[in-house]
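Survey of secondary and tertiary structure
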Amino acid sequence: MFAAFPSASLRLHNSLIPGKRPSVRVLQFIARTLDREYYLSANADVAAAGVDPVLHWLDHGAKEERPIAAGLFTRMVSSGGLLPDPEVIHTLPWRAGQWVQIGRISSNLPIRAQDLTPVRPEADTVRPATDTADEDRRFVDWIGSHFEADAYRETNKDVIGSDHALLAHYLNHGIFEGRRPSPGVTVRYGNYTGDERGGSWQKFTYRGRPLAASLVAPPEDVVQQIRRQWRHESAVLASGYTAFASVNAYDAVDLWSRSGLKFDRVTKAFPRVPQAVVLLEFLGVGGAEKYGIDIADVLVAAGYDDVIVVVTGQREVDAGNWEDYSIFSPLRSIPVVFWRDLTDDNEDRLDAFARLLSSFRAKDILVFNSRLGLEAVARYGRGMATVSRIYCAFFSMGLPGRGVPYGEIFPQKVALSSRLLTDNARMAAALKDRVAALDGPGIHVVPPRIGTVDEATFLGRLRRRCHRARTLPDRVRRWAWVSRVEPLKGTHLLAQIAQMRPHDRFDVYGPLQVDMDAAGLNIPNVDYRGVLESVLTANFEGYDGFVFTSLTEGMPNTVLEMSQHAIPLILTDVGGLRDTFSKNSAFLIDPPREGRDAASEFDAALSTVAALCGDALAAMLMDAKAAVSARHAPEVFQSLVEEMLGK
Amino acid sequence: MKAVPDIDITVVVTFHREGPFAIPALRSLRDLVVAGRAEGAKVEVIATIDRPDEVTRRVLETEGSFIGRVEIVDFGDLARCRNYAVDLARGRYTACLDGDDLWGEQWLAKAWQEAEAADPDSEVVFHPEWLFYFSEADFAGHALGKMPSGDARSFFMRQQASCDPLFDPRLLALQNIWSANAFARTDVYRTYPYRLFDRQRGVGIEDWSWNIETIHGGVAHSVVPGTVHLIRQKSEGSLGAQNFTERLLTVTPGITPWSVPGARAGRGT
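Below is a summary of the structure that appears in this document. Within every chain, residues take consecutive numbers counted from 1 along the sequence as written. In the order they appear in the text, chains get letters beginning with A and ligands get numbers beginning with 1. Under the rules for a predicted model, residues below a pLDDT of 70 receive no local features and side-chain atom pairs below 80 are neither given nor counted, while totals for whole chains, interfaces and linings still include all residues. Note: side-chain values were computed over all heavy atoms of the structure, leaving out hydrogens and water.

**What about the pattern of salt bridges?**
Think of a salt bridge as a Lys or Arg side-chain nitrogen and an Asp or Glu carboxyl oxygen that are within 4 Å of each other. Taken as a whole, this structure holds 49 salt bridges over all chains when the rule is applied. A salt bridge links B:Glu105 to A:Arg228, with the shortest nitrogen-to-oxygen separation between them at 2.4 Å. Here B:Glu105 is found in the loop between strand 5 (102–103) and helix 4 (107–117), whereas its partner A:Arg228 is found in helix 8 (residues 220–228) on a different chain. Here the residues in one salt-bridge network are A:Arg478, A:Arg505, A:Asp507, A:Asp527 and A:Arg529, joined through shared partners. For helices the rule is a DSSP run of H or I covering at least 4 residues; for strands it is a run of E covering at least 2, with both sets numbered from the N terminus onward.

**Section: the interface of chain A and chain B**
Residue-level contacts link 68 residues of chain A with 66 residues of chain B. Roughly 5800 Å² of surface becomes buried between chain A and chain B when both sides are summed, with 62% attributable to carbon and sulfur atoms. Considering only the side of chain A, the residues that lose the most area to chain B are A:Val253, A:Arg355 and A:Arg382, jointly responsible for 11% of the buried surface there. There are six salt bridges connecting chain A and chain B. Within 3.5 Å is the distance limit for a polar contact, defined as a pair of N or O atoms, with the added protein rule that one can donate a hydrogen and the other accept it, and that residues adjacent in sequence qualify only through two side-chain atoms. Summed over the shared surface of chain A and chain B, the result is 34 residue pairs in polar contact (both at pLDDT 80 or more). Residue assignment for the side of chain A that touches chain B shows that the elements contributing at least two residues are helix 6 (149–155), helix 8, strand 7 (249–251), helix 9 (255–259), helix 10 (263–269), helix 13 (350–360) and helix 14 (371–384) of chain A. Broken down by element, the residue count for the side of chain A that touches chain B peaks at nine residues, all from helix 13 of chain A. Just so you know the grouping, Ala, Val, Leu, Ile, Met, Phe, Trp, Tyr, Cys and Pro go in nonpolar, Asp, Glu, Lys and Arg go in charged, and all remaining residues, Gly too, go in polar. A per-class count over the side of chain A that touches chain B returns 34 nonpolar, 19 polar and 15 charged. Any two residues having at least one pair of non-hydrogen atoms within 4.5 Å are treated as being in contact. Buried area: the sum, over both parts, of the accessible surface (1.4 Å probe) that disappears when the two are put together.

**As for the pairing of strand 2 (residues 43–50) of chain B**
All names here are of chain B. When accessible area is computed with a 1.4 Å probe and restricted to protein chains, residues below 20% of their type maximum are described as buried, those above 50% as exposed, and intermediate ones as partly exposed. Buried residues dominate strand 2, accounting for eight of its eight residues. Two strands qualify as a pair provided that DSSP identifies no fewer than 2 bridges between them. As judged from the seven bridges shared by strand 1 (residues 9–15) and strand 2, these two strands associate in the parallel manner. If you follow Thr10 over to strand 2, its bridge partner there is Glu44. Seen with the strands pointing away from the viewer, any crossover whose path from the first strand over the helix to the second strand runs clockwise is right-handed. A crossover links strand 1 with its parallel partner strand 2, the connecting element being helix 1 (residues 22–38), and its sense is right-handed. Where strand 2 and strand 3 (residues 69–73) come together, five bridges link them in parallel fashion. Pairing of Thr48 across the sheet is with Glu71, part of strand 3.

**Some remarks on the packing of aromatic side chains**
All names here are of chain A. In this analysis, rings of Phe, Tyr and Trp, with Trp reduced to its six-membered ring, are considered paired at centre separations within 6.5 Å, and the interplanar angle assigns stacked below 30 degrees, edge-to-face beyond 60, and tilted for intermediate values. The tally for this structure, following the rule as stated, stands at 37 aromatic pairs over all chains. Both rings, one in Trp322 and one in Phe328, keep their centres 5.8 Å apart while their planes meet at 90°; by these two values the pair is edge-to-face. The class for Trp322 is buried, based on a relative accessible area of 8%. Note on Phe328: relative accessible area 2%, which makes it buried. Aromatic pair Phe540 and Tyr543: ring centres 6.1 Å apart, planes at 50°, arrangement tilted.

**Focus: helix 14 of chain A**
Helix span is expected to be 1.5 Å times the residue number reduced by one. If you check helix 14 of chain A, its first and last C-alpha atoms are just 16 Å apart, much less than what 14 residues at 1.5 Å a residue would give, namely 20 Å. Given a residue, its bend is the angle between the two axes fitted to the seven residues that end at it and to the seven that start from it. Of all the bends found along helix 14 of chain A, the most pronounced is centred on A:Ala378 and spans about 60°.

These values are about where atoms sit, not about what they do.
Given below as structure tokens:
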């Protein structure tokens, strides 16, 4: 689809990352329709950055609603905003619940040159055409009194005509193409979401969309003073003897113009200085997110006055209905700020972010898989650590050639200023190996907490399992597999095991990161059963065991939660599982490596489990339950977190 | 050193390795001093040269004849240079300037007039109303007409007073909103000495930190209408570039812009 843009096919960008992907129809339409020359000329920042126009539009321009060709506007709408609009010529699906609309902006040229009275010096007589919408009139009046036809003519050699025609051109075309109407005037069309305090910015609505205009220009006596410095330094007038007076101008307090931050939203988001800041990449159902939220929960319980969770990689609208998930229940009493909603363009704003974090002088800053947070600590950690204790959590190292987790990238960059935190001893050892020589603040191991079932529930499950094992010796053996469906979770190992045991059934639960074919699981005795709402509350009594084939892990919550189901655990020996489980409580099998046949070991273990019953089965399941309770019960977790924080 | 009654203004200007950039700076500074004296102010100039290179030292010798006192120091720290020069200052007011910038010739005289007109009991720091950041790179897109090239790197910044309705001390958590070009009673600088740069701990940015500390201390920041400070944009060698490269944070022990008690005193434009 990117054949017309060779550079585009060489790089991975956001639009091609699963979950961030717009529809194929949009990709095809934009690749076919976007006018590269127009886009580069209308967007000096894109040209300066040397970015492919199509990629830029997909990554940024779409959200910023930048036109894709002369006269073609784009805008994002939610399903509820799909109202009939005669200007819209295409409506295409973008992502879940979002649509992108493409329309013609000048098809009916509502303002004509002959409809405008002279521009200057009788500027106050400028009036739009009578058919112009009322809300447009304010802007047309304003721009009419600030429009400088000579300057517009001089800058836009492609436009000729009378002063009136130039103003009409600006209103019908130039404004959409990012042309400046006159020196000192800056107009932002289509996406005014800046500082609500206004300042030098005036807000209008034009052609049904928001617009902000600003006039900041130095007075003539200041211009003359600068000009006189030319005799000392010619570079003062490098941009032009007259033109220098018309370069961009900002107010120092205008954070929106200076750094793309919405200051009013920043102050609303942080009404008080937090005592602890917890940084998460996104609000999704994942181990790192749960771990971070659980620690935030303990901070509140430990008496911290103000704890705040800052989500750095996601806007609130993209987080969807996160409040519906049980792992986020602690956030009902903890404020959540979406950093990207405080920026103008969904960008990182690393420097501002680090400065803001530092300015809180929070007692503790804890980072859980937040890339921006890790970057901030890596670059500004020395200074941040003078006012706050910093903790950066890492869960696992990568496999050679199989992805690069943050555990591979950041520990050495943050270890001098940050305490390293992990949920398993194996990772702690790996971190120690990498950073011990740096002599940083240290490494903490805090195993994750899980919800445990009460004794009666567990014993009921255990009794039914033992009864089933005893009374149905000839049953078809069924095995549950619960994880994200992707190769790193060992789906190909699972496939090998299933093929070795053609009479057994294997049920796969979890979100599909790849389809079953790509996971190697499109085989007769493997069935995909969908996503479980909760592992803890699901019913696994019809299964003979839980098979876990992941190739790399931190401390997988799923395994800990499965232990509460009184179900035999057959696990690859990865991450921190050996911290909790022993050969008495689970089958731990080394993951496959070159020349190592893990599938046969799994096959043998499954055969052993299939034959287990009576006391041997009960002892193993009770051992597993006891081991998990001893290490991962909420009170144990709270105690370890408090110890780490010196409470 | 105590203020001497017949000195109105001590101009403190700091140099390190500006090289040829010190030539226009010194000539612009001379204009400032001349304009100030023409308004009746008694002006002394103290220059510090911190670990200078040979070129900068030679430029000071040949272009700085109007400078009353030149101190060659070995601090490696702009904040320490300023504090050192402020200790030597004999003027009732002190103006701090950087040795690679230029100034509209009205700056010193107008700042002095504003300061003299202000409530003598109030602590006020005055800044130029306008900053003009110029870039030599703009020669490549030099415009002959009225409109600059779309690629122009030069830009203006209009500074606001702390009594401006749009000022909020919390802005200082995210951006520095006043340049290092400051004019205030000398005792204000002595009450709030500049914080030293600490590379090991990743903190510095003496002017930004000073702005936070003075605002926190109840000092008003005001702007002088019709004045301008011309700031050279350099890709390397400037303090701004150093702050960025070394990823420094402000250093304001015990205080934060979030805890500034009422900062809306002083005079605005």
